[in-house]
Amino acid sequence: MSRAAGFAFRFLTILLAAPFCAALHAGNGGDYGPLPPIGSNDVAMADPLVARPAGTPCEVVLFDDFVFDDYSPRDFDYAPPADCAGPWAKIVLSFDLSVTAGIQYDRTATLWIGGVNVFFGTTAEPSPTRAPSWHVERDLTDYAALLADAQPARAFIGNIVNSQYTGVIHGSAKLEFYAASASAPAPVVPDRVVPLGSDPVGATVDLSSATDLLSATPALPANVERAYLDVVAESQGSDEFWWSCMPDDVAAITGDCPGTAFREVEIGIDGEPAGVAPVYPWVYTGGLQPLLWMPIAGVQTLNFKPYRVDLTPFAGVLSNGAPHTLTLGVFNAHEHFSTTATLLLYLDAGTDQITGAVTTNTIGAGPTPTVSGGVDGDGFGSVTVDSQRHFTLAGYVETSHGRVDTSIEQTFAFTAVSGYAEATAPVIDWTVSLATAVDTATTVTADASTRVTQEHVAFPFSLVLPFNGSSGSIVSADLDQRYEHATDVSVDGAAEFHAQASNHVATHHESAVAARHSEQQYDYSDSTGACYSRDITSVANALASVTDGAACVAADTIFVDGFDGE
């Protein structure tokens, strides 16, 4: 077998091996979230649950023990709590899932209310002797306007169950509504929550090429003061490992996916560029080597975090009474991305008509990534893909309380280095290193006051995977991925708020069970003194240690149990 054929065989081996991974488990409980006992190989999650205010919530059961054993959606009716009218201080989605023991792939899991996506994630894989179960949550307080009315709703987890793939997925979900009070007042939330999908009940839109678009022309009010777009773009098919793709000519030699290791989401309004969102390099529980993810799954694997794009500079345009088409596409998409987007609108209650305009838009037609390096005829070498973008969006609205100017400066930086090197024959070292960073400065001027919000988001990712170039079998694997987010707010030059969060997973696999180990660290702190910290480790695919609050004590800050870090 040639080395090039060996590379292609490697991917085939990885994909076919995916259903045979072991199971994962997590429970439901307090804001910290319970963990399985030390020595267990059930799911262990350092991620915090959503923080709740004091008091007993009103609960709405969305569904109880839905069975997902085919590709049909499970439709149901949603109604708000009859005895708990808003405004609400907090709304929390609580979702419990499980898979029976057997053979099964990881599957995409989505929940929809009124066509709006309220949960997006993937499932854990079972094994013939293990039935995983786990618990995830999402803060839906910003979606209060949607949840105030009865809506058709849908749960969808496409799953194949037959004589070969036997794992059956079960799910139960509810919403918790916490009434506003003097100690927990209702936050200012969007007045309209608008789905951009084509299905009124809810479904993703598949983008199988760089020219495919999610496109919608929703009815919009004429008094939009602020606008945001929540975006999820899930990589699937040959794009599942988009971060490992090579330029087309190199891919023909190595057997990798084409299109280079660069993807980004591009948002348009009426055919003009309006925003950009990075794509997170999620790795699912069947990805690469399934035993990498037992008992600790990858960053956000079981519960994706939508990326929020600020469209406020376009608020005046969206309010002019004309129809407006919003689009979403994925640069370099090959096959395929499952996408969804939700438009969040804040309205000016003091007027029925806002005027305004976009004053600056320097996004341009699209990114211009550069490619350097290459491979020889045997596929050895490395390729670097680099994309750097800096642009400004600015606009104003004339509101009932005066003019509001918004300016957004963003820098998107992406670099990927991937390639193959011959180690001790026939072992070949496959390495991938990604650095994605977005820096945003948003300046809002109103009422003779200026507020500046600076945000930094980064997705560092690295993989080292030696494999047998003749058989395609994996010798070992080391993967490290992070989600980092920092926010600083100042008003008229005086610091007002700072927050930072980090979610880090590092995992190592080799044939010797005792040598396998992984770790997840989740840290959050802010200038109010709130702090959350959990560090968990595993050895030999079993939970080995749990440390809560250590980073908070080290930072000499107040430790607040269960702060959700959102």
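Note that the structure is predicted; figures quoted are calculated from it, not measured.

J.: Explain the sheet that holds strand S16 (residues 326-331) to me, and be specific about the residues and the numbers.
T.: Ordered by their spatial adjacency, 4 strands build an open sheet running S11-S16-S13-S14, and the pairing between neighbours is antiparallel. For this open sheet the edge positions go to strand S11 (214-216) and strand S14 (272-278), each flanked by a neighbour on one side alone. Neighbour-to-neighbour, the strand axes of this sheet turn through a mean angle of 20°, independent of strand direction. As judged from the 6 bridges shared by strand S13 (residues 264-269) and S16, these two strands associate in the antiparallel manner. Residue pairing in the sheet places glutamate 266 in a bridge with glycine 329 of S16.

J.: How would you sum up the pairing of strand S20 (residues 381-399)? Please name residues and give values.
T.: Two elements, strand S18 (residues 355-361) and S20, share 6 bridges in a ladder whose sense is antiparallel. Residue glycine 356 lies in a different strand from S20, and its bridge partner there is valine 397. Where strand S19 (residues 370-375) meets S20, 6 bridges bridge the pair, whose relative direction is antiparallel. The residue of S20 that forms the bridge with glycine 373 is valine 383.

J.: I'd like a description of the packing of aromatic side chains, backed by residues and values.
T.: Counted under the stated rule, the structure contains 27 aromatic pairs. A centroid spacing of 4.8 Å and a plane angle of 75° characterise the contact between tyrosine 280 and phenylalanine 459, whose relative ring orientation is edge-to-face. In this pair, tyrosine 280 sits in the loop between S14 and strand S15 (307-310) while phenylalanine 459 sits in the loop between strand S23 (449-458) and strand S24 (461-468), placing the two residues 179 residues apart along the sequence. Just as tyrosine 280 is buried, phenylalanine 459 falls in that class too. Where tyrosine 280 meets tyrosine 483, the ring centres are 6.1 Å apart and the plane angle is 50°; that geometry is what we call tilted. Of this pair, tyrosine 280 sits in the loop between S14 and S15 while tyrosine 483 sits in strand S25 (residues 476-491), and the two are 203 residues apart along the sequence.

J.: Which residues make up the side chain of histidine 135, and what values go with them?
T.: Residue position: histidine 135 is located in strand S6 (residues 133-139). Assessed through its relative accessible area of 2%, histidine 135 is described here as buried. Separated by 2.8 Å, the side chains of histidine 135 and aspartate 96 make a polar contact. Within the local environment of histidine 135, its side chain forms a polar contact with the side chain of glutamate 137, the two groups lying 2.8 Å apart.

J.: I'd like a rundown of the state of the cysteines, residues and numbers included.
T.: Scanning the entire structure with this criterion turns up 2 disulfides. What pairs with cysteine 245 in a disulfide is cysteine 257, and their sulfur atoms sit 1.9 Å apart. Here the S-S torsion is close to -105°, and the disulfide linking cysteine 245 with cysteine 257 is therefore left-handed. Placement of cysteine 245 in the loop between strand S12 (224-235) and helix H3 (248-254) and of cysteine 257 in the loop between H3 and S13 is noted, with a sequence separation of 12 residues between them. The same class applies to cysteine 245 and to cysteine 257, which are both buried. There is a disulfide in this structure between cysteine 531 and cysteine 552, and the S-S distance comes to 2.1 Å. With the S-S bond torsion at -90°, the cross-link from cysteine 531 to cysteine 552 turns out left-handed. One end of the pair, cysteine 531, is in strand S28 (residues 531-539); the other, cysteine 552, is in helix H5 (residues 550-554), with 21 residues separating them in the sequence. Per residue, the accessibility class of cysteine 531 equals that of cysteine 552, and both read buried. Described in terms of the sequence order of its bonded cysteines, the disulfide pattern of the chain is 1-2, 3-4.

J.: Quick rundown of the nonpolar core? Include the residues and the values.
T.: Membership of the largest hydrophobic core comes to 94 residues, with the highest contact counts inside it found for Leu229, Trp243, Val265, Leu288, Leu311, Trp430 and Leu463. Other than its neighbours up to four places away in sequence, leucine 229 contacts Leu196, Ile267, Tyr307, Arg308, Val309, Leu311, Ala341, Thr342 and Leu343.

J.: Please provide a residue-by-residue account of empty space enclosed by the protein, values included.
T.: Tallied over the full model, the rule gives 4 cavities of 30 Å³ or more. Its volume calculated, the largest cavity comes out at about 130 Å³. Lining of the largest cavity is provided by 15 residues; of these, Pro278, Tyr280, Trp282, Lys305 and Tyr307 occupy positions nearest its centre. Breaking the lining of the largest cavity down by element, the ones donating at least two residues are S12 and S14. When residues of the lining of the largest cavity are assigned to their parent elements, the largest contribution, 3 residues, is made by S12. When grouped by side-chain class, the residues that make up the lining of the largest cavity number 13 nonpolar, 1 polar and 1 charged. Taken as a whole, the second largest cavity holds about 100 Å³ of empty space. Lining the second largest cavity are 13 residues, and of these Phe262, Glu264, Phe412, Phe414 and Thr436 sit closest to its centre. Top element by residues in the lining of the second largest cavity is strand S21 (residues 402-422). It accounts for 3 residues. Grouping the amino acids of the lining of the second largest cavity by side-chain chemistry returns 8 nonpolar, 2 polar and 3 charged.

J.: Outline the sheet that holds S6, listing residues and values.
T.: Strands sit in the order S1-S8-S3-S6 across an open sheet of 4 strands; the sheet is antiparallel. Two strands close off the open sheet at either side, each with one partner strand: strand S1 (58-68) and S6. Looking at each pair of strands side by side, their axes are set apart by 15° on average, direction ignored. Across 11 bridges, the pairing between strand S3 (residues 88-99) and strand S8 (residues 169-179) is antiparallel. When the sheet's bridge partners are listed, tryptophan 88 is paired in S8 with alanine 179.

Analysis parameters
- Residues numbered from 1 in each chain as written.
- Predicted model: local features only at pLDDT ≥ 70, side-chain atom pairs only at ≥ 80, totals over all residues.
- Heavy atoms only, no water.
- Pairing = 2+ DSSP bridges.
- Helix = DSSP H or I, 4+ residues; strand = E, 2+ residues; numbered from the N terminus.
- Axes fitted to C-alpha atoms, helices over the stretch in contact; angles between N-to-C directions.
- Phe/Tyr/Trp six-rings, centres within 6.5 Å; stacked < 30°, edge-to-face > 60°.
- Buried < 20%, exposed > 50% of the residue type's maximum accessible area, 1.4 Å probe, protein only.
- Polar contact = N/O pair within 3.5 Å; in protein donor to acceptor, adjacent residues only side chain to side chain.
- Disulfide = S-S within 2.5 Å.
- Core = buried A, V, L, I, M, F, W, Y, C linked by side-chain atoms within 4.5 Å.
- Contact = heavy atoms within 4.5 Å.
- 1 Å grid on protein atoms, 1.4 Å probe; cavity = no way out; pocket = protein on both sides within 12 Å on 5 of 7 lines; lining within 4 Å.
- Points joined across faces, edges and corners; volume = space filled by probe spheres on them.
- Nonpolar A, V, L, I, M, F, W, Y, C, P; charged D, E, K, R; others polar.

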